Structures are given as structure tokens and as C-alpha cells.
Amino acid sequence: MHTYVYRLNVLLTEAITLLALMCAIASLSDKLNVASPSADIQVLHINWFHKQRNGNDEVSLTMNVSADLKSTFTWNTKQVFVFLAAEYETEKNYLNQISLWDAIIPSKEQAKFSYHTINKYRFTDQGNSLRGKKYNLTLHWHVMPKTGKMFSDRIVTTGHSLPEEYI
Ligand SMILES: *[C@@H]1O[C@H](CO)[C@@H](O)[C@H](O)[C@H]1NC(C)=O
Ligand SMILES: *[C@@H]1O[C@H](CO)[C@@H](O)[C@H](O)[C@H]1NC(C)=O
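Presented here is an overview of the structure given in this document. For clarity, every value in this text was computed on a predicted model and none was experimentally measured.

Let's shift gears to the site of ligand 2. Neighbouring ligand 2 are the residues Glu-87, Tyr-88, Glu-89, Tyr-94, Leu-95, Asn-136, Val-156 and Thr-158. Asn-136 places a polar side-chain atom, nitrogen or oxygen, 2.3 Å from an oxygen atom of ligand 2. Here ligand 2 has 360 Å² of accessible area as a free molecule, and 54% of this is covered by the chains. Sorting the residues of the shell around ligand 2 by element identifies β3 (77-88) and β8 (151-161) as the ones contributing at least two each. Along the lines of polarity and charge, the residues of the shell around ligand 2 split into four nonpolar, two polar and two charged.

Here it is in C-alpha cells:
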């Protein structure tokens, strides 16, 4: 009886140690996975650009949002949330960030995409003129893991600017 319990104990200890080791390796392999995502954001067309009745400027863009986020997917990835933001500076704020489009990427197979889309959310600025405004289009993503912490990253594309005149 005594040896039986002892053996069981040893066996259990070994099993737990092994399990802990496996978890550590798994979590390490997840961290070691070097993501090398790429993105290409193009403004294909400015559909319209005007001043709203309330005085705010608003612009409608047709864009080509392409990215390859396959490398952000590991065995531990549940899904990836992506959003495209227009980012620009004004006198009042160093960083103005407007979300224009977003998507949920449920699998690695769908992580390489090319969306031909107009901005899903309004690109409007409170009070400030957007005329001639230089802005970045930044693709942000949040990797939601099955276990562990969420993490995020982004790719900035620069050199975009709005027309000097309303269209
Ligand atoms: C969108 O961009 C991708 C990658 O740069 C390109 O392969 C594709 O032809 C583009 N589509 C349009 C409609 O411009
Ligand atoms: C736009 O991107 C450039 C290069 O990453 C950066 O220096 C600049 O601060 C960005 N502008 C805004 C408003 O975020």
C-alpha cells in the first residue's frame, strides 16, 4: 500500500512537471514566432470632399487595403482584429486618429487580404479644416490569443494628403 501510494505520487509529480514544461515550451514558441507582416494601403479615389452644414470637413475615400498578416497567427491565436486609421496633426492635438475601416480576421487562411473599400466610418474633423491636410494611413492590429495576453502592432503608410479644394 505504502509503495503503491509512493509510486502514484512520483508518477503524478512527473506528469505535472512534464505538463508545466510543455506549457512553458508552448508559450515560448508562441513568443519566438517572429511576425513579419506587410501592408499596402492605397487611396484609389476621393469620392467627395466638402464642408458639412455644421462646419466640419468630411471626406469619402475609396481605398485598397491589402495586407499579409499570416505570420501573426500561431496555434495560440484566436483571431486578429484589424483597423485602419487616418492619423494627422492639428494645432490642438499632436495626434488625431480616426478609424476608417475595420475587420476581424478569424483564421490564418484569411489573413492575407485585399479589400477594395470606401471608408466604413466617417472621416470628418471637428472644426478644423482638412484641406491640404497631410495624413498617415495606419493599419493597426490586435492579436487575440486563446491563452495569455493580447498584443498589438501596426504598419504606418505615409505621404497621403487631402486636396486643397473641396470636390
Ligand atoms: C490592391 O493592392 C494589391 C496589393 O498592392 C494589388 O495586388 C491589387 O491589384 C490592388 N487592387 C486594386 C483594385 O487596385
Ligand atoms: C506619420 O508617420 C511618420 C513616420 O512614421 C511619423 O513621423 C509622423 O509622426 C506620423 N504622423 C502622425 C500625425 O502620426
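Okay, a nonpolar patch on the surface next. A cluster of nonpolar residues, Leu-18, Leu-19, Leu-21, Met-22 and Ile-25, forms a patch on the protein surface that exposes about 530 Å² of accessible area. Note on placement: Leu-18 falls in helix α1 (residues 2-32).

Moving on, we get to the pairing of strand β4 (residues 96-105). With respect to burial, β4 is a largely interior element, seven of its ten residues being buried. Note that β3 and β4 share nine bridges and pair antiparallel. Opposite Leu-84, over in β4, you have Trp-101 as the bridge partner.

What counts, and at which threshold
Along each chain, the written sequence defines residue order, and numbers are assigned to residues from 1. Lettering of chains starts at A and numbering of ligands starts at 1, both following the order in which they are written. With pLDDT at 70 or above as the cut-off, local features in this predicted model cover only qualifying residues; side-chain atom pairs require 80 or more to be listed or tallied, and sums for whole chains, interfaces and linings still use all residues. In computing side-chain properties, one takes all heavy atoms of the structure into account and sets aside hydrogens as well as water. For this purpose, a residue is taken to be near a molecule or strand whenever a single non-hydrogen atom of the residue falls within 4 Å of it. Contacts described as polar in this section are N or O atom pairs within 3.5 Å, which, within protein, must combine one atom able to donate a hydrogen with one able to accept it, while residues neighboring in sequence count only if both atoms come from side chains. Reported accessibility uses the Shrake-Rupley method at a 1.4 Å probe radius. Residues are deemed covered only where the shown protein chains occlude them. For the purposes of this entry, the term helix denotes a DSSP run of H or I that reaches at least four residues, the term strand denotes a run of E that reaches at least two, and both are numbered from the N terminus. Side-chain classes are defined by residue name, with Ala, Val, Leu, Ile, Met, Phe, Trp, Tyr, Cys and Pro counting as nonpolar, Asp, Glu, Lys and Arg as charged, and the others, Gly among them, as polar. Patches here: salt-bridge-free residues with over 30% relative accessible area, like charges joined within 9 Å, nonpolar side chains (Val, Leu, Ile, Met, Phe, Trp, Tyr) joined within 5 Å. The working definition used for a salt bridge is a side-chain nitrogen of Lys or Arg within 4 Å of a carboxyl oxygen of Asp or Glu. Only protein chains enter the accessibility calculation, which uses a 1.4 Å probe; a residue is then buried when its area is under 20% of its type maximum, exposed when over 50%, and partly exposed in between. Pairs of strands are assigned from DSSP output, requiring at least two bridges between the strands.

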